[in-house]
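Now for the letters of each chain:
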Amino acid sequence: MARVLHNLLIFIIRLALKIRVLGYWSLIYGYCALCTIVALLKLWWNIILRPTTIFQWAIRETPPACLNDTSLGTHCYVRIKESGLRFHYVAAGERGKPLMLFLHGFPEFWFSWRYQLREFKSEFRVVAIDMRGYGESDLPLSTESYCFDNLVTDVKDIVEYLGYNRCCLVGHDWGGTIAWLFAIHYPEMVTKLIVLNCPHPSVFTDYALRHPSQLLKSSHFFFFQLPRFPELMLSINDFKALKALFTSRSTGIGRKGRWLTTEDLEAYLYALSQPGALTGALNYYRNVFSSLPLSQNHVRSPVLLLWGERDAFLEQEMAEACRLYIRNHFRLNIISGASHWLQQDQPDIVNTLIWTFLKEGEGRKSYRN
């Protein structure tokens, strides 16, 4: 009798797990279908309004002058032997000083760290990379090339190529996700972890599944699962959607800080208009659901989490919840009026808070700005 009950219990547990997995993927594909319908309606409406211009967009042939600004650093390249990929990065500061490595988000590239490259090069060897699939770094074609394991290994390989065995790691948005994961898997290589507007991956997963409002704000995760169609929607009307992402009142840079200049915007359009550039950026999303939930969660490095109060894509409640997974000093700063792109629209405040975190002793409580 006991054996029968034991087998029945195992059967129930396995059935519950299968139902949970089925529900998880049903939610993903169902929401993906809904987002597709909405996008098709938008496309049809744009065709009606602008039938002659909607499918016109231009590849920017010449980089704007700001991308060659020598005050930001030197453009360098490294080919990683293990992966065979070539990575582009911009470096400043004296060789041999502690390494501060910057990981950008979507849909950005090394240029998003321009204010921090200038600020921290006095005390650090600062390096802002173009992550795989972005900017002048190589663009693998298969979506499988953008799995978490490969993205984390890229960071490890680059740190070691630069001649270091540890670094102060700074990440924003998708770069923040990779920074969290790198700190989880290689704690000995992270002296301090600084993350901007990106929750711990496990916090994001748990919170989004329990809060429909966050699921709605993350609708692009589902839409980007489609092949080719998201690239088209981001390109039509000469990349109108990308321009709006960076400049609109609801989502753009500088709602209470520094506005993105015309030249800055052209820098982004130059990088993202190149053949295959949008596909590389979107492939990060096309692997995310198969990579979650995480098997390891705990972060053992000191952590600074900076959060823009007016982030249009991520709800602020997730920021404090990250504390659950940190086994070291944790400091949280909520920056009033800052957007999702806070290192660009509030660079002075961000830089000051980073300096404070770098110079302070461990063990103090987090505070809000």
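This structure is a prediction, so every number in the text was calculated from the model and none was measured.

Draft legend 1. Expanded view of the overall build of the chain. When helices and strands are tallied, the chain shows 14 helices and eight strands. Burial analysis of the chain (369 residues in total) assigns 54% to the buried set. Sequence-distant contacts, at least 24 apart, represent 77% of the contacts inside the chain between residues at least 6 apart.

Draft legend 2. Looking closely at empty space enclosed by the protein. Taken as a whole, this structure holds two cavities of 30 Å³ or more when the rule is applied. As for the second largest cavity, its lining consists of F87, L103, I129, M131, R132, L151, D154, V155, I158 and Y284. No other element matches the four residues that helix α3 (residues 148-161) contributes to the lining of the second largest cavity. Tallied by class, the residues present in the lining of the second largest cavity amount to eight nonpolar, no polar and two charged.

Draft legend 3. Representation of the side chain of E360. As for its position among the elements, E360 is in the segment after α14 (347-359). Here E360 falls in the buried class, since its relative accessible area comes to 10%. In terms of polar contacts, E360 uses its side chain to reach the side chain of R331, at 2.4 Å. Among residues more than four places away in sequence, those in contact with E360 are K192, H329 and R331.

Draft legend 4. Structural context of α14. With 13 residues, α14 extends 18 Å between its outermost C-alpha atoms, agreeing within 8% with the 18 Å of an ideal straight helix rising 1.5 Å per residue. Where α14 is concerned, the buried positions are P347, V350, N351, L353, I354, W355, F357 and L358.

Draft legend 5. Expanded view of the pairing of strand β8 (residues 330-335). For β8, the tally of buried residues reaches six of six residues, placing the bulk of the element in the interior. Where burial is concerned, the two faces of β8 agree: the one with F330, L332 and I334 and the one with R331, N333 and I335 are both buried. Taken together, the six bridges between strand β7 (residues 303-308) and β8 define a ladder with parallel strand orientation. Residue pairing across strands places G308 opposite I335, the latter belonging to β8.

Draft legend 6. Representation of the packing of aromatic side chains. Tallied over the full model, the rule gives 25 aromatic pairs. Between F106 and Y285, the ring centres sit 5.1 Å apart and the planes meet at 85°, which makes this aromatic pair edge-to-face. Within this pair, whereas F106 is found in the loop between β3 (99-103) and α2 (114-120), its partner Y285 is found in the loop between α10 (277-282) and α11 (288-291), the two being separated by 179 residues in sequence. Y285 shares its class with F106; the two are buried. A network of ring pairs unites the aromatic residues F106, Y134, Y146, F148, W174, F204, F221, F223, F224, F229, Y284 and Y285 as a single cluster. One cation-aromatic arrangement involves K192 over F357; the distance from NZ or CZ to the ring centre is 4.6 Å. Above the face of the W355 ring, K359 is positioned so that its terminal group lies 4.8 Å from the ring centre.

Draft legend 7. Up close: the pattern of salt bridges. Tallied over the entire structure, the rule returns twelve salt bridges. Measuring nitrogen to oxygen at the nearest pair gives 2.8 Å for the salt bridge that ties D238 to R60. One end of the pair, D238, is in helix α8 (residues 229-247); the other, R60, is in the loop between α1 (2-49) and β1 (74-79), and 178 residues separate them in sequence. Salt-bridge contacts for E160 lead to K156; the nearest nitrogen and oxygen are separated by 3.0 Å. Of the two residues, E160 and K156 both sit in helix α3, four residues apart, roughly one turn of that helix. Residue classification places E160 among the partly exposed residues on the basis of a relative accessible area of 39%. Each of R60, D238, K243 and E266 takes part in a single network of salt bridges with overlapping partners.

Draft legend 8. Expanded view of the environment of W355. Locating W355 in the fold gives a position in helix α14. Judged by relative accessible area, which is 16%, W355 ranks as buried. Between the C-alpha atoms of W355 and F120, which are 235 residues apart in sequence, the distance is 8.6 Å. For W355, the residues in contact, after removing those within four places along its chain, are E119, F120, S122, E123 and F124.

Analysis parameters
Residues numbered from 1 in each chain as written. Predicted model: local features only at pLDDT ≥ 70, side-chain atom pairs only at ≥ 80, totals over all residues. Heavy atoms only, no water. Helix = DSSP H or I, 4+ residues; strand = E, 2+ residues; numbered from the N terminus. Buried < 20%, exposed > 50% of the residue type's maximum accessible area, 1.4 Å probe, protein only. Contact = heavy atoms within 4.5 Å. 1 Å grid on protein atoms, 1.4 Å probe; cavity = no way out; pocket = protein on both sides within 12 Å on 5 of 7 lines; lining within 4 Å. Points joined across faces, edges and corners; volume = space filled by probe spheres on them. Nonpolar A, V, L, I, M, F, W, Y, C, P; charged D, E, K, R; others polar. Polar contact = N/O pair within 3.5 Å; in protein donor to acceptor, adjacent residues only side chain to side chain. Expected span 1.5 Å × (residues − 1). Pairing = 2+ DSSP bridges. Phe/Tyr/Trp six-rings, centres within 6.5 Å; stacked < 30°, edge-to-face > 60°. Lys NZ or Arg CZ within 6 Å of the ring centre and 35° of its normal. Salt bridge = Lys/Arg side-chain N within 4 Å of Asp/Glu carboxyl O.

In short, shape yes, function no, at least from these values alone.
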